[in-house]
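Residue-level structure breakdown
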Amino acid sequence: MVASGVLLAPGAQAADAGHRKISCSAVKVGESPAKSAAAVAVAYKGGKTAYDHFVCKRAEKTRYTRGTVTRKSDGKKVQGYVFYKCANPYGTNPAPTPPIPKK
């Protein structure tokens, strides 16, 4: 589905049903899939994420993972969007990401 330059895809069918760990040292959990989105929280490396959708923002040439992040530091659960590279559903598997679609 394409809406306002954002491509939504259903959750990936990963082996562990959509649960991974945050791989970046720190990442903003945004309220929308945009670099300028307001932060609802910050997640740190090792925090868990349960994702349900992927979003490709064409104008920014950026991918996001949407879901619930459980912060490792305090166990708080927050919903929002994180950069795909920080919540890669393939974990350490260097699976290639598909190209950003052109219009």
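Please refer to the structure placed before this passage.
To start, this report covers the structure provided alongside it. Small disclaimer: the values here were computed from a predicted structure and weren't measured. (Residues numbered from 1 in each chain as written. Predicted model: local features only at pLDDT ≥ 70, side-chain atom pairs only at ≥ 80, totals over all residues. Heavy atoms only, no water.)

Remarks on the pairing of strand β7 (residues 62-70)
Where strand β6 (residues 48-57) and β7 come together, nine bridges link them in antiparallel fashion. In the strand pairing of β7, K57 is matched with T62. Connecting the antiparallel pair β6 and β7 is a turn made up of four residues, with K61 showing a positive phi of about 55°. Across seven bridges, the pairing between β7 and strand β8 (residues 77-83) is antiparallel. (Pairing = 2+ DSSP bridges. Helix = DSSP H or I, 4+ residues; strand = E, 2+ residues; numbered from the N terminus.)

Thoughts on the nonpolar core
Grouped burial of nonpolar side chains is what soluble globular proteins tend to show. I22, C24, V27, V29, A41, A43, V69, V78, V82, C86 and A87 form the largest nonpolar core, which has 11 residues in total. Those elements giving two or more residues to this core turn out to be β4 (26-30), β5 (39-44) and β8. What V82 contacts, discounting residues up to four positions off in sequence, is V27, K28, V29, R63, Y64, T65, V69 and A87. (Core = buried A, V, L, I, M, F, W, Y, C linked by side-chain atoms within 4.5 Å. Buried < 20%, exposed > 50% of the residue type's maximum accessible area, 1.4 Å probe, protein only. Contact = heavy atoms within 4.5 Å.)

Looking at the state of the cysteines
Counting across every chain of the model gives one disulfide. Here C24 connects covalently by a disulfide to C86, the sulfurs 1.9 Å from one another. Taking the torsion about the S-S bond as the criterion, the C24 to C86 disulfide, at about -85°, is left-handed. Here C86 lies in the segment after β8 and C24 lies in the loop between β3 (19-21) and β4, a separation of 62 residues in the sequence. Here C24 matches C86 in class, with each residue buried. (Disulfide = S-S within 2.5 Å.)

Any functional reading would require information beyond the geometric quantities listed.
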